[in-house]
Amino acid sequence: MLLDKNSQNHFANAQSLTTDARVLSVPKGDNPLIWPVLTLLKSSNTSWKVHHLASELQSKGLMHDLDPMPEKDLFKRNFLLMNALYELQDMLMPRQWLQVKAMEIQIFRIIPSNADVEHTRDGALRDYYLDWANYDASVNVVREMLESFWSSYQQYIGVNVQLMHKGHALKVFELDATATDKDIRKQWRKLALKWHPDRDEGNAERFREVCEAWQTLRD
């Protein structure tokens, strides 16, 4: 459905993962591809193909080689991109609908009448891509990969490399010192989506400030 024949076979065999991959926990940070993907989707009123999104992200220095084996590299790139799309789909609902199909990826301002049906129908595939245990790597490799993406993305949006003071970061997040990791991650998603410059009421400076606060709080 999403990949060539060899990669489909790899997808089908992905259940036979290593022990390390089976115990993989969800990384504390979000997939950093979420925000550039939103930018690309909002830049056009037409639908995107999944491989066009991947090519555009690669041209911006945000999609790297992930495995020396071509088949596994393609699978991992696809996994990251699909993970970001499904994360973004859940974040945009119920105000907007992100259609996630391999050849028709598009944000709709008006929710289609069949959105609930499609969301339910794609549940198994969405759950697969949202589970980091299905990414064929050890926990340390995944964490290093995410850090590499965040480093590239900081350069892409111009985030200050110096960490913000934790007290100020919490203030930006409208939280206090009692906030849990879950509270911080939830607020990060809410504020990043609210201020993303490609949203109707977005603000580039506020988005950068939220990203800088997140860099402090996620550490």
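Computed from a prediction, not measured in an experiment: that's the story for all the values here.

**Quick look at the packing of aromatic side chains**
In step 1: For the structure on display, the rule yields 11 aromatic pairs.
In step 2: Ring centres 5.6 Å apart and planes at 80° place the aromatic pair Trp-35 and Trp-188 in the edge-to-face group. Taken as a pair, Trp-35 in helix H3 (residues 34–42) and Trp-188 in helix H10 (residues 181–195) lie far apart in primary sequence, 153 residues in all. For the residue pair Trp-35 and Trp-188, the accessibility class agrees, reading buried in each case.
In step 3: Pairing Trp-188 with Trp-214 gives two aromatic rings, centres 5.0 Å apart and planes at 5°, and the pair type is stacked. Taken together, the residues span a long stretch of sequence, with Trp-188 in helix H10 and Trp-214 in helix H11 (residues 204–217) at a distance of 26 residues. For the pair formed by Trp-188 and Trp-214, the shared burial category is buried.
In step 4: Feature note: the residues Phe-75, Phe-79, Tyr-86, Tyr-128, Tyr-129, Trp-132 and Tyr-135 constitute an aromatic cluster, connected by ring pairs.

**Describing the confidence of the model for the protein**
In step 1: Per-residue pLDDT for the protein has a mean of 81; in total, 85% of the residues score no lower than 70.
In step 2: Across the protein, the secondary-structure element scoring lowest on mean pLDDT is helix H2 (residues 19–22), at 35, and the one scoring highest is helix H9 (residues 166–172), at 94.
In step 3: Counting contacts from residues 1–27, a segment whose pLDDT is below 50, to residues more than four positions away or on other chains yields 51 contacts.

**Describing the layout of surface pockets**
In step 1: In this model, the largest pocket occupies a volume close to 340 Å³.
In step 2: Around the largest pocket sit 15 residues that line it, and Arg-95, Leu-193, Lys-194, Arg-199 and Glu-201 are the ones nearest its centre.
In step 3: At four residues, the largest contribution of residues to the lining of the largest pocket is made by H10.
In step 4: When grouped by side-chain class, the residues that make up the lining of the largest pocket number five nonpolar, two polar and eight charged.

**What to know about the packing of helix H5 (residues 70–92) against H10**
In step 1: Axis separation between H5 and H10 bottoms out at 11 Å; the angle between their running directions is 80°. Compared by their axis directions, H5 and H10 come out roughly perpendicular. Contacts between H5 and H10 involve Glu-87, Leu-88, Met-91 and Leu-92 from the first element and Arg-185, Arg-189 and Leu-193 from the second.
In step 2: Residue composition of the contact of H5 with H10, grouped by class: four nonpolar, no polar and three charged.

**Focus: the environment of Asn-78**
In step 1: Within the secondary structure layout, Asn-78 lies in helix H5.
In step 2: When the C-alpha positions of Asn-78 and Tyr-129 are compared, they lie 9.4 Å apart, and in sequence the two are 51 residues distant.

**Topic: unusual backbone geometry**
In step 1: In the segment running from Met-93 into Pro-94, the intervening peptide bond is cis, with an omega of 5°.
In step 2: Structurally, Pro-94 can be placed in the loop between H5 and strand S1 (97–101).
In step 3: Of note in the backbone geometry, Glu-174 takes a positive phi value of approximately 60° without being a glycine.
In step 4: Inspection of the secondary structure assignment puts Glu-174 in the loop between H9 and H10.
In step 5: Judged by its relative accessible area of 54%, Glu-174 falls in the exposed class.

**What about the nonpolar core?**
Looking at soluble globular proteins, one finds that nonpolar side chains tend to be buried together.
In step 1: In terms of nonpolar packing, the biggest core is built from 61 residues, with Trp-35, Leu-41, Leu-85 and Phe-173 touching the most fellow members.
In step 2: In contact with Phe-173, other than residues within four places in its own chain, are Ile-184, Gln-187, Trp-188, Leu-191, Val-210, Ala-213, Trp-214 and Leu-217.

**A look at the side chain of Asn-134**
In step 1: With respect to the helices, strands and loops of the structure, Asn-134 is situated in the loop between helix H7 (123–130) and helix H8 (139–157).
In step 2: Of note is the side chain of Asn-134, whose polar atom sits 3.0 Å from the backbone oxygen of Tyr-128.

**As for the pattern of salt bridges**
In step 1: Tallying each qualifying case throughout the model produces 10 salt bridges.
In step 2: Salt-bridge contacts for Asp-65 lead to Arg-77; the nearest nitrogen and oxygen are separated by 2.5 Å. Within this pair, whereas Asp-65 is found in the loop between helix H4 (50–59) and H5, its partner Arg-77 is found in helix H5, the two being separated by 12 residues in sequence.
In step 3: In this structure, Arg-189 and Glu-87 form a salt bridge, with 2.4 Å as the shortest nitrogen-oxygen distance. Taken as a pair, Arg-189 in helix H10 and Glu-87 in helix H5 lie far apart in primary sequence, 102 residues in all.
In step 4: The exposure class assigned to Arg-189 is buried, which follows from its relative accessible area of 17%.
In step 5: Since its relative accessible area comes to 11%, Glu-87 is described here as buried.
In step 6: Within this structure, Asp-65, Asp-73 and Arg-77 form a network of salt bridges that share partners.

About the cut-offs
Residues numbered from 1 in each chain as written. Predicted model: local features only at pLDDT ≥ 70, side-chain atom pairs only at ≥ 80, totals over all residues. Heavy atoms only, no water. Phe/Tyr/Trp six-rings, centres within 6.5 Å; stacked < 30°, edge-to-face > 60°. Helix = DSSP H or I, 4+ residues; strand = E, 2+ residues; numbered from the N terminus. Buried < 20%, exposed > 50% of the residue type's maximum accessible area, 1.4 Å probe, protein only. pLDDT = per-residue confidence, 0-100. Contact = heavy atoms within 4.5 Å. 1 Å grid on protein atoms, 1.4 Å probe; cavity = no way out; pocket = protein on both sides within 12 Å on 5 of 7 lines; lining within 4 Å. Points joined across faces, edges and corners; volume = space filled by probe spheres on them. Nonpolar A, V, L, I, M, F, W, Y, C, P; charged D, E, K, R; others polar. Axes fitted to C-alpha atoms, helices over the stretch in contact; angles between N-to-C directions. Parallel < 35°, antiparallel > 145°, perpendicular 65-115°, else oblique. Core = buried A, V, L, I, M, F, W, Y, C linked by side-chain atoms within 4.5 Å. Polar contact = N/O pair within 3.5 Å; in protein donor to acceptor, adjacent residues only side chain to side chain. Salt bridge = Lys/Arg side-chain N within 4 Å of Asp/Glu carboxyl O.

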